[in-house]
Every structure is written in structure tokens, then in C-alpha cells.
Amino acid sequence: MIPVSLRLIREHNRLYKCWMRLLWRFYGIEAPIVLMVHGFKPASSDCKSAFELTGASFARLMRFFVDNGWKALSQEEVKLMVGQHRWREKCFHVTFDDTYDTVFTEAYPVLKHYGIPFTMFVTKDLVDKPGYITIEHLKVLAHDPLCSIGGHGLQHLVFRNLTPEEMTEQCVRGKQWLEQELGVKVEAFAFPYGRVVEVSNRNRRQIRKMGYEMAFSAIEGSIRASWFTGRHFLSRVNVSETFVERFTTGKPLQYKDCEGR
């Protein structure tokens, strides 16, 4: 039997997403968005979840943005936009979660070609694991002016289940490792899993006290809704094969097309 507490958390998550869906309709698709990308597969038939897409689809999406006058934002520009609440339409920022090595082999050449800034949210214990980015490739990215490095924890854990001390270890030690190993400043964080089910209000308050300028959720929406989400649970748009196909062909883009679940 599902505990009452978990039922309440799930209902909170459902209501939160309903509100974000309403705000999405209000702001429209041309509002500023932060893209959430994971790994890449060789062919569309290999994409078994909404978190997977092909390198060709990613290249198609980046080309569409460039050809249609969308402005690519750096992490610093996103921070200023959120902090000042001064919005402009048709702008985007690219982020990658979990740091699969296909980001280096498939996405990086495309981003380099178009000069598009991006952020890598790095989980320390995934670096050098099979299928994930190597420390050598990560250092190449970290020293490219286009790339910003963000935290994603020491391990890829559900933060709601952590004590304050465990969360501090995940976030502070992870930040310290990235800064020491890569020689960069880490100002942004992305919560693993990133829904209300996995991230509590306490988690959001604590990440703010740790000195991170911004933190991102995995809940769909425009960053223009930051007046509601706060700057430490900012919304993103999940990039899937469906999202790319609908977005680049001018088909009406519904909120469900931006979801990762």
C-alpha cells in the first residue's frame, strides 16, 4: 500500500505540473527556454525513451534555431535574465544532464560549428564510467569558452531522501571536485531526476544557501516562470525526437511534447 505521505507528494507534483502547463500556454513557445538534453543514439529506432534522440536530430534542431533568428544564451546571460526579470522572446540555452560521452562526440561538434554556448551538469561518480564522459573529454569541454560546468551531485541520487548533511556532501564536495579538477567556477546546479517527487522545498532552500546562483529542475516550462519557481528550481524543456520533429516542422507544440516523463 502506498503511504499517505507519498500520495501527497505525488499530488503536489501533479498540481505543480498543471500550473506549469497553464503558464506554458500563457507565455507561448517563443518565450525563453532552457533545453535539457541527455544522451544520443545512432538511429531514431534506438530511442526507447523521451530522454534519447539522435545526433542528426540535435543538429537539425540547432540549425533550425540559427536559421530562424533564435538567440543562443550563455549561462551568464540566463543568470542575468532571471535575476533582472528582463525577458526577450526566441532565445534558448542548451544544458546536458548526466554527461554521457555522446555529448562530446555528437553534440559538441555541432555546438562548436554554430558557436552555441552550453552547460554540462556533471555527476562526479559517472565520469570515466562506461558510456559516460571521460575526464580527458570533460577537460577539453571545460576549457572551451562556449562551455559552462554545473553540478549534478557526487552520485545521481534522489535528493528528497537525503539528510541535510548528506545533501551538503553531495553538492559542496561535488562543486569542490569540479572546480579543483577542471579549474572552473561552478555557479549552477541541476537536481538529479528533478521533479517535486524527488526534490523537496528543503532541498531548494539548502541549495540556495550553498552559494549556487541558479538550480534547475526537470519540470517542463519556460524560465520566464521564475517568479513562480524561484531561481533555484528553474524549468527546462526536455529535448526528444518528438520535440525536434514537431518544433522544426512548425506543428503546434503542446506541453506534453516537452515532457521527459
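In this text, all values refer to a predicted model and were calculated from it rather than measured experimentally.

Asks: Got a minute to help me understand the packing of aromatic side chains in this structure?
Replies: Geometry of an aromatic ring pair is reported as the spacing of the ring centres plus the angle between the planes. Per the counting criterion, the structure on display carries 22 aromatic pairs. Centre to centre, the rings of Phe65 and Phe247 are 5.3 Å apart; their planes meet at 50 degrees, and the pair counts as tilted. Note that Phe65 is positioned in helix α2 (residues 55-67) and Phe247 in helix α9 (residues 241-248), a separation of 182 residues in sequence. There is no split in this pair, since Phe65 and Phe247 are both buried. Ring pairs connect the aromatic residues Tyr16, Trp19, Phe159, Phe189, Phe191, Tyr212, Trp227, Phe228 and Phe233, which therefore count as one cluster. For the cation-ring pair, Arg204 lies above Phe233, with the distance from its terminal atom to the ring centre recorded as 4.1 Å.

Asks: Looking at this structure, I do not really get the nonpolar core. What am I missing?
Replies: For soluble globular proteins, nonpolar side chains are generally found buried alongside one another. Counting residues in each nonpolar core, the largest one holds 64 residues, and the members touching the most others are Leu35, Phe58, Met62, Val94, Phe96 and Ile149. By residue number, the principal contributor to this core is helix α4 (residues 102-114), which donates 6 residues. Excluding residues within four positions of it along the chain, Ile149 makes contact with Met120, Val122, Leu138, Ala142, Leu178, Leu182, Val184, Lys185, Val186 and Glu187. Membership of the second largest hydrophobic core comes to 13 residues, among which are Val78, Met81, Val82 and Met214.

Asks: I'm lost on the layout of surface pockets in this one. Help?
Replies: Left-over empty space is what a probe sized like a water molecule reveals as it rolls over the atoms. Taken as a whole, the second largest pocket holds about 170 Å³ of empty space. Lining the second largest pocket, in full, are His38, Gly39, Phe40, Lys41, Phe51, Glu52, Asp98, Tyr100 and Thr102. Here the element with the most residues in the lining of the second largest pocket is strand β2 (residues 39-41); it accounts for 3 residues. Its residues placed into classes, the lining of the second largest pocket shows 3 nonpolar, 3 polar and 3 charged.

Asks: Hey, could you run me through the pairing of strand β9 (residues 214-220) in this one?
Replies: If a strand is regular, its side chains alternate between the two faces of the sheet. Taking burial as the measure, the 7 residues of β9 include 7 buried ones, the bulk of the element. Of the two faces of β9, both are covered, the one formed by Met214, Phe216, Ala218 and Glu220 as well as the one formed by Ala215, Ser217 and Ile219. Pairing of strand β8 (residues 188-190) with β9 involves 3 bridges; the strand directions are parallel. Note that in β9 the partner of Ala190 across the bridge is Phe216.

Asks: It is not clear to me how the pattern of salt bridges should be interpreted in this structure. Could you clarify?
Replies: Any two side chains of opposite charge can pair, so long as their charged atoms come close to each other. For the structure shown, the criterion picks out 14 salt bridges. Glu220 serves as the salt-bridge partner of Lys17, at 3.3 Å between the closest nitrogen and oxygen. Of this pair, Lys17 sits in helix α1 (residues 4-27) while Glu220 is found in strand β9, placing the two residues 203 residues apart along the sequence. In terms of burial, Lys17 and Glu220 fall into one category: buried.

Asks: Please clarify how a nonpolar patch on the surface should be interpreted in this entry.
Replies: Taken together, the side chains of Trp19, Leu22, Trp227 and Phe228 define a hydrophobic patch exposed on the protein surface, amounting to about 400 Å² of accessible area. Along the chain, Phe228 falls in helix α8 (residues 226-229).

Asks: So what exactly am I meant to see when it comes to the packing of helix α6 (residues 164-182) against helix α7 (residues 201-209) here?
Replies: Working note: a packed helix pair is described by the angle between its axes plus the distance between those axes. Two elements in contact, α6 and α7, have axes separated by 11 Å at closest approach and are oriented at 50 degrees. By the criterion of interaxial angle, the relationship of α6 to α7 is oblique. In the crossing of α6 with α7, the sense of the turn from one axis to the other is right-handed. Listed contacts from α7 to Pro164, Met167, Thr168 and Cys171 of α6 are Arg202, Asn203, Gln206 and Ile207. Its residues assigned to classes, the contact of α6 with α7 shows 4 nonpolar, 3 polar and 1 charged.

Definitions and limits used
- For every chain, the first residue of the written sequence is number 1, and numbering continues from 1 onward in sequence order.
- For this predicted model, a pLDDT threshold of at least 70 governs which residues receive local features, and a threshold of 80 or more governs which side-chain atom pairs are given and counted, while totals over whole chains, interfaces and linings are taken from all residues.
- Only heavy atoms go into the side-chain values, all of them from the structure, while hydrogens and water stay out.
- Pairing of aromatic rings covers Phe, Tyr and Trp, the last through its six-membered ring, and needs centres within 6.5 Å; plane angles under 30 degrees mean stacked, over 60 mean edge-to-face, and all others mean tilted.
- Each helix is a run of DSSP H or I of at least 4 residues and each strand a run of E of at least 2, with the numbering of both proceeding from the N terminus.
- Three exposure classes are used, based on accessible area relative to the maximum for each residue type with a 1.4 Å probe and protein chains only: buried under 20%, partly exposed in between, and exposed over 50%.
- Note on geometry: a ring has a charge over it if NZ (lysine) or CZ (arginine) is within 6 Å of the ring centre and within 35 degrees of the ring normal.
- We call a set of buried Ala, Val, Leu, Ile, Met, Phe, Trp, Tyr and Cys residues a nonpolar core when their side-chain atoms join them within 4.5 Å.
- By definition in these notes, contact holds between two residues if any of their heavy atoms fall within 4.5 Å.
- A 1.4 Å probe that fits into a set of points on a 1 Å grid over the protein atoms alone but cannot get out defines a cavity; an open set with protein on both sides within 12 Å along at least five of seven lines defines a pocket, and lining residues are those with an atom within 4 Å of a point.
- Grid points are joined across faces, edges and corners, and a volume is the space filled by probe spheres set on the points.
- Side-chain classes are defined by residue name, with Ala, Val, Leu, Ile, Met, Phe, Trp, Tyr, Cys and Pro counting as nonpolar, Asp, Glu, Lys and Arg as charged, and the others, Gly among them, as polar.
- A pair of strands is considered paired only if DSSP assigns at least 2 bridges between the two.
- Counted as salt bridges are all cases of a side-chain nitrogen of Lys or Arg within 4 Å of a carboxyl oxygen of Asp or Glu.
- Here the term patch refers to residues with relative accessible area over 30% and no salt bridge, with like charges joined within 9 Å and nonpolar side chains (Val, Leu, Ile, Met, Phe, Trp, Tyr) within 5 Å.
- Using the Shrake-Rupley algorithm and a 1.4 Å probe, accessible areas are obtained, with residue cover drawn only from the displayed protein chains.
- Fitted lines through C-alpha atoms give the axes, limited to the stretch in contact for helices. The angle between two N-to-C directions lies from 0 to 180 degrees.
- To sort the angles, those under 35 degrees are grouped as roughly parallel, those over 145 as roughly antiparallel, those from 65 to 115 as roughly perpendicular, and the leftovers as oblique.
- The hand of a helix crossing depends on one turn: near helix anticlockwise from the far one by less than a right angle means left-handed, and clockwise means right-handed.

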